[in-house]
Amino acid sequence: MYEVDFVEFPSASATASGQFFERAFGWAVTPYGPDYTDVGATGVTLGFQADAAEQPRAPLVTIRTDDLAAAREAVEAAGGVVTKEPFAFPGGRRFHFREPGGSELAVWSRD
């Protein structure tokens, strides 16, 4: 199973980004400290990363899977290049990859 369910954005203020979407659309906000906020949009969660050392350069589309190792094998077999090795984060593990056209994405799975 592969499903796009998360998009992470760079943000100058994760708190301000979360407050905006909560006020504008009534979406639920889950802050993870001052530098990261999740916003529960319909069908897709939005993440806002304010930590300059962790920010993606562009919006980072994240694909959920049940099997992270199999997803990595599939990405590499299809010509993708892993750009960030699997790592733990609140709720699961993920890795980042670049597809042949140059866009960076991520694949994640629950713990």
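Every chain is numbered on its own, with residues counted from 1 as its sequence reads. Selection of residues for local features in this predicted model requires a pLDDT of at least 70, selection of side-chain atom pairs for listing and counting requires 80 or more, and totals for whole chains, interfaces and linings are taken over all residues. Heavy atoms from the whole structure form the basis of all side-chain values; hydrogens and water molecules are not counted.

Concerning the overall build of the protein chain
Step number 1: The helix and strand inventory of the protein chain stands at two helices and eight strands.
Step number 2: Helix and strand labels come from DSSP, where a helix needs a run of H or I of at least four residues and a strand needs a run of E of at least two; each type is numbered from the N terminus. In the protein chain, the succession of helices and strands from N to C terminus is β-α-β-β-β-β-α-β-β-β.
Step number 3: Taken over C-alpha atoms, the radius of gyration comes to 14 Å for the protein chain, in line with the 13 Å a tight globule of 111 residues would show.
Step number 4: In terms of overall dimensions, the protein chain has a C-alpha envelope of 45 × 25 × 25 Å along the principal axes. Here the globule rule reads 2.2 Å times residues to the power 0.38, and the radius of gyration is calculated from C-alpha atoms.

Observations concerning the pairing of strand β4 (residues 45–49)
Step number 1: Residue exposure (1.4 Å probe, protein chains only): buried if accessible area is under 20% of the type maximum, exposed if over 50%, otherwise partly exposed. Burial runs high along β4: four of the five residues are buried.
Step number 2: Pairs of strands are assigned from DSSP output, requiring at least two bridges between the strands. As judged from the five bridges shared by strand β1 (residues 2–10) and β4, these two strands associate in the parallel manner. Bridge pairing in β4 links V7 to L46.
Step number 3: Both strand β3 (residues 36–40) and β4 contribute to a ladder of five bridges, which runs antiparallel. Its bridge partner being in β4, D38 is matched across the sheet by G47.
Step number 4: Two successive antiparallel strands, β3 and β4, enclose a turn made up of four residues, where G43 displays a positive phi of approximately 85°.

Description of the side chain of T65
Step number 1: Structurally, T65 is set in strand β5 (residues 60–65).
Step number 2: Pairs of N or O atoms are called polar contacts if they sit within 3.5 Å, as long as, within protein, a hydrogen donor faces a hydrogen acceptor (for residues adjacent in sequence, only side-chain-to-side-chain pairs). For T65, the side chain forms a polar contact with the main-chain oxygen of M1, separated by 3.2 Å.
Step number 3: Among all residues touching T65, those that are not within four sequence positions of it are M1, Y2, A71, V107, W108 and S109. Contacts are residue-level and defined by heavy atoms, with any inter-residue pair within 4.5 Å sufficient.

Some details on the nonpolar core
Step number 1: Of all hydrophobic cores here, the largest spans nine residues; its members are I63, L68, A71, V75, V82, F95, F97, L105 and V107.
Step number 2: Mapped by element, the contributors of at least two residues to this core are α2 (68–77), β7 (92–98) and β8 (104–110).
Step number 3: For this core, the leading source of residues is α2, giving three residues.
Step number 4: With sequence-adjacent residues up to four places away left out, I63 is seen in contact with Y2, E3, V4, L105, A106, V107 and W108. By nonpolar core is meant a set of buried Ala, Val, Leu, Ile, Met, Phe, Trp, Tyr and Cys residues that side-chain atoms within 4.5 Å join together.

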